[in-house]
Amino acid sequence: MQIQTQVQLKPFNTLSLDAIASHYCKIQSNDDLIQALDFAKQQQLNVLILSGGSNMLLPEQIHALVLHMDIQGIELLDADDQVQRLRVGAGQSWHDFVLWTTQQDFYGLQNLALIPGLVGASPVQNIGAYGVEVGEFIESVEVYDRENHSFSSIKAADCDFAYRHSIFKDHPGRYIITHVIFRLLKQPELKLNYGDLKTAVGEEQTPENLERQVIQIRQSKLPDPKEYPNVGSFFKNPVVDLQFFDQIAQQFPNLPHYPQPNNQVKMAAGWLIDQSGWKGKQLGSVGMFHKQALVLVNYANASLKDVRATYQAVQADVQEKFGVLLEPEPVLFAENGMIRSHQD
């Protein structure tokens, strides 16, 4: 384990924001993690966990110890006729892992192909796409509990998985994810709930074709972060009660929406942004992508201040038109390495 100082994090966050970390360490094992946390305690530094950098907004200066999770490995655990259990390191590339599962004839994650980031971050946000959420296929999450100073395993039932939510978001400073245990299917059960996906898959309803079509659809709509720095979908799809939705739908009958439990409705944030005039629109060096209004892009060395000015302007226009306040998906960090509210 090596502690580096004054490290530029621009290559490690997909929005490509300039961010200098006062202290930085790559974590490749549980032992590395313990040593790094001891160092942070000795130096009285806060700890910022950096995974794939695809869901975070970083300030220009960070006075903290940035732990870059790089624990690798895919371990086959026990199996039966229906399920294969896998233990996967937090530093494993998510997309590469999904491709590998398909090659190995393990099923369930194909709808989640081409989502950026690492495996360790997937439970935090309970990543989801095309009718599938990762929490459906997680058995447990192995963590270091900073409150109890011990390694432990949290069962999926105790992770409080919900739409873009988990226990790890409720307690952002407590748990450091080291491994994720998955339960994947040995027999495919394709989920083709979304119209464009079902049409794209067509009659060739195989896991391989499903994965291939998901990749093609995402590539057609979403910019490559290497070409257009972005964090993927910037806002959550708002979930509102049915009565409120009906009021909006009377004025906007074409609003894409998806029924949810408990008389709630999920609305398409990208459509709301598009209808508010932001698709392809820029504010300085930051704007919403011309092919997908839900994606915020850093077009030219934008600062965190530039990014915040743009997404707050989008929020204001959507709220004025529809009465809905969009919630950003990426986590916003302060200069001390701690998470801060988007409302500050």
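Residues numbered from 1 in each chain as written. Predicted model: local features only at pLDDT ≥ 70, side-chain atom pairs only at ≥ 80, totals over all residues. Heavy atoms only, no water.

Colleague: I keep staring at the domain arrangement of the protein and nothing clicks. Help me out?
Modeller: One widely used convention gives an interface's size as the accessible area the parts lose upon coming together. Splitting the protein by domain gives domain 1 (1-67), domain 2 (72-219) and domain 3 (234-327). Taken over C-alpha atoms, the centre of domain 1 sits 31 Å from the centre of domain 3. Facing the eight residues of domain 1 at the interface are nine residues of domain 3. Buried surface at the junction of domain 1 and domain 3, both sides included, amounts to about 620 Å², of which 67% is carbon and sulfur. The largest per-residue losses of area from domain 1 upon contact with domain 3 belong to L15, L17 and L57, which jointly make up 64% of the total buried on that side. (Domains from an automatic or database assignment. Contact = heavy atoms within 4.5 Å. Buried area = accessible area lost by both parts, 1.4 Å probe.)

Colleague: How do you make sense of the pairing of strand β11 (residues 150-155) when you look at a structure like this?
Modeller: The two faces of the sheet receive side chains in turn, since in a regular strand these alternate between them. Pairing of strand β10 (residues 138-145) with β11 involves six bridges; the strand directions are antiparallel. Looking at β11, one finds that E142 is bridged to S153. Hairpin connection from β10 to β11: four residues lie between these consecutive antiparallel strands, with H149 at a positive phi of about 55°. (Pairing = 2+ DSSP bridges. Helix = DSSP H or I, 4+ residues; strand = E, 2+ residues; numbered from the N terminus.)

Colleague: Sorry if this is basic, but what is going on with the UniProt feature "domain: FAD-binding PCMH-type" (unreviewed entry) in the protein here?
Modeller: Feature annotation in UniProt places "domain: FAD-binding PCMH-type" (unreviewed entry) on residues 17-187, given in this structure's numbering. This span, residues 17-187, is 19% helix and 38% strand, and a straight line between its end C-alpha atoms measures 42 Å. (UniProt positions renumbered as here; feature names shortened; annotations may be inferred.)

Colleague: I tried to follow the packing of helix α2 (residues 94-103) against helix α6 (residues 207-221) on my own but got confused; where do I start?
Modeller: Helix-helix packing is characterised by the crossing angle of the two axes and by the distance between the axes. Where α2 meets α6, the axes come as close as 10 Å, and the angle between the chain directions of the two elements is 155°. As judged from the angle between their axes, α2 and α6 are roughly antiparallel. As for how α2 packs across α6, the hand of that crossing is left-handed. Touching H95, V98, L99 and T102 of α2 are E208, E211 and I215, all from α6. Here the residues of the contact of α2 with α6 are counted per class, giving three nonpolar, two polar and two charged. (Axes fitted to C-alpha atoms, helices over the stretch in contact; angles between N-to-C directions. Parallel < 35°, antiparallel > 145°, perpendicular 65-115°, else oblique. Left-handed = near helix turned anticlockwise from the far one by under 90°. Nonpolar A, V, L, I, M, F, W, Y, C, P; charged D, E, K, R; others polar.)

Colleague: I tried to follow α2 on my own but got confused; where do I start?
Modeller: Quick reminder: α-helices carry 3.6 residues per turn. Residues three or four places apart thus point the same way. Turning to α2, its buried residues are W94, H95, F97, V98, T101 and T102. All buried residues of α2 project into a common sector of 160° when viewed along the axis, lining one side. Those residues of α2 that are buried are in contact with β6 (74-79), β7 (83-89), α3 (122-125), β12 (175-185) and α6. N-cap assignment for α2: the residue whose side-chain oxygen lies 3.3 Å from the backbone N of D96 is S93. (Buried < 20%, exposed > 50% of the residue type's maximum accessible area, 1.4 Å probe, protein only. Arc of directions from axis to C-beta. Polar contact = N/O pair within 3.5 Å; in protein donor to acceptor, adjacent residues only side chain to side chain.)

Colleague: Sorry if this is basic, but what is going on with the UniProt feature "active site" (unreviewed entry) in the protein here?
Modeller: The positions UniProt marks with the feature "active site" (unreviewed entry) are R164, S233 and E329. The named residues occupy 166 residues along the chain; their greatest pairwise C-alpha distance, 11.6 Å, places them in one compact cluster. Within the secondary structure, S233 is located in strand β13 (residues 230-233). S233 gets classed as partly exposed once you look at its relative accessible area, which sits at 29%. Relative to the elements of secondary structure, E329 occurs in the loop between α9 (304-322) and β20 (331-332). Once residues within four sequence positions are removed from consideration, E329 is found in contact with N55, Q125, R164, S233, F234, F235 and K236. A polar contact is formed between the side chain of E329 and the side chain of Q125, at a distance of 3.3 Å.

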